[in-house]
Amino acid sequence: MQPEQIDRALVDFDVLAGWMEGRGLPGGPFEDVERLAGGTQNTLVRFRRGGRDYVLRRGPGHLRARTNEVLRREARVLGALDGTDVPAPRLIAACPDETVMGGAVFYLMTPVDGFNASVTLPELHARDASVRREMGLNAARALSALGAVDHEAAGLGDFGKPEGFLERQVGRWMSELDSYSTLDGYPGPDIPGLGDVARWLEERRPKAWRPGIMHGDYHLANLMYSFDGPQVAAIVDWEMCTIGDPLLDLGWLLATWPDRADQSAALAGPLGAAGGLPTAEELVEVYAERADAVDGRDLASITWYAVLACFKLGIVLEGTHARAFAGKAPRETGDLLHSITLGLFTRAHGFIGS
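Residues numbered from 1 in each chain as written. Predicted model: local features only at pLDDT ≥ 70, side-chain atom pairs only at ≥ 80, totals over all residues. Heavy atoms only, no water.

(A) Structural detail: the domain arrangement of the protein. Taken domain by domain, the protein holds domain 1 (13–109) and domain 2 (115–353). Summarising the inter-unit geometry, the C-alpha centres of domain 1 and domain 2 are found 26 Å apart. Each side of the interface is counted separately: domain 1 has 18 residues, and domain 2 has 22 residues. When domain 1 packs against domain 2, the two sides together hide about 1600 Å² of surface, and 63% of this comes from carbon and sulfur. When the buried surface of domain 1 facing domain 2 is broken down by residue, R73, R76 and P87 rank first, second and third, together holding 34% of it. Where domain 1 meets domain 2, there are four salt bridges. (Domains from an automatic or database assignment. Contact = heavy atoms within 4.5 Å. Buried area = accessible area lost by both parts, 1.4 Å probe. Salt bridge = Lys/Arg side-chain N within 4 Å of Asp/Glu carboxyl O.)

Following this line, the structure appears as structure tokens:
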């Protein structure tokens, strides 16, 4: 693909060239230009220039209200992770000034040589259950590497609002659920056990916790794996990153972990269908092996975090169900996500009862 085949409203390569040169990056023609799939609504364009490979990330053509701020936050966190052993794309340069590229913040990062196991499974990984097992364990190990990062030493001492993070979670997401009532036609949430889960979370909230960097949406679809083995090549899609309680990321992994008893295996795509993955208990054990990730963190309360993850994600997905009633999302998508919400609350009750 040539640069001119990319909509200039998304990436103006003349503007990009001047901006890159102003930051001392190699010049020359743009080569091997490729629009990448992946992420949510954001735009990813890979290219080569001056003997170096890049991926440009910016918001969609029609920017949402918070897109630019989200991109600024992503770039800052990726920059802070440089020098750590967290598998993530490395930030090359960021443009937080939205006036440079037609109103859009953007940044350049290193490409990831890997695949998304929720989309495809190479032959090596598909045929060998031991490789898939290690893929699962490495998901927990990559997360423990993130949990071990000292966010203040990494320059993120003023990032996010960690004070009161756990205390405000239930109220924050119940308010979000209540806000859906403003959508025309939505009859209100039909989620059995919603109140019971909320009360359980409030009554059993951990008394103490240690803040750290959170990915915010940590599950298999946001991991890239190496083609030649079970290693995590990169954690991607940092749109929900913040400073909070990293054990909620581990809870999120448990809440979304493939289980053949419900729809979660289908959501994990080929990897979930192939099976051979470790148990949730094994994920926690592997996470705990890294002492600097768990120092000052109460893994004995991990069930609480898994229940909170089911609660929060279920309410987020219910938003699309509500928008479908108002004609703002496809009805079949809304129905599917509502069924997943019900499954998450069923799983929450299972965690509570275990």
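Don't stop here, the text continues.
(B) Region of the structure containing the environment of R58. Among the structural elements, R58 can be located in strand β3 (residues 52–58). We classify R58 as buried; its relative accessible area is 2%. In this structure the C-alpha to C-alpha distance between R58 and L71, which are 13 residues apart in sequence, comes to 7.1 Å. Residues within four places of R58 in sequence aside, it is in contact with A9, L10, N42, T43, L63, L71, M101, A104, V105 and F106. From its side chain, R58 meets the backbone oxygen of L10 in a polar contact 2.9 Å long. (Helix = DSSP H or I, 4+ residues; strand = E, 2+ residues; numbered from the N terminus. Buried < 20%, exposed > 50% of the residue type's maximum accessible area, 1.4 Å probe, protein only. Polar contact = N/O pair within 3.5 Å; in protein donor to acceptor, adjacent residues only side chain to side chain.)

(C) Expanded view of helix α10 (residues 280–288). All buried positions along α10 are accounted for by L283, V284, V286 and Y287. Projected onto a plane normal to the axis of α10, the buried residues spread over an arc of 165° and lie on a single side. Every exposed residue of α10 that faces more than 90 degrees away from the buried side is listed here: E281 and E285. Where α10 is buried, its residues meet α4 (129–147), α7 (247–255), α11 (291–294) and α12 (302–325). (Arc of directions from axis to C-beta.)

(D) Fine view of the environment of G18. You can see G18 is positioned in helix α1 (residues 13–22). G18 sits in the partly exposed class, given a relative accessible area of 40%. Expressed as a C-alpha distance, the spacing of G18 and L317, which sit 299 residues apart in the sequence, is 41 Å.

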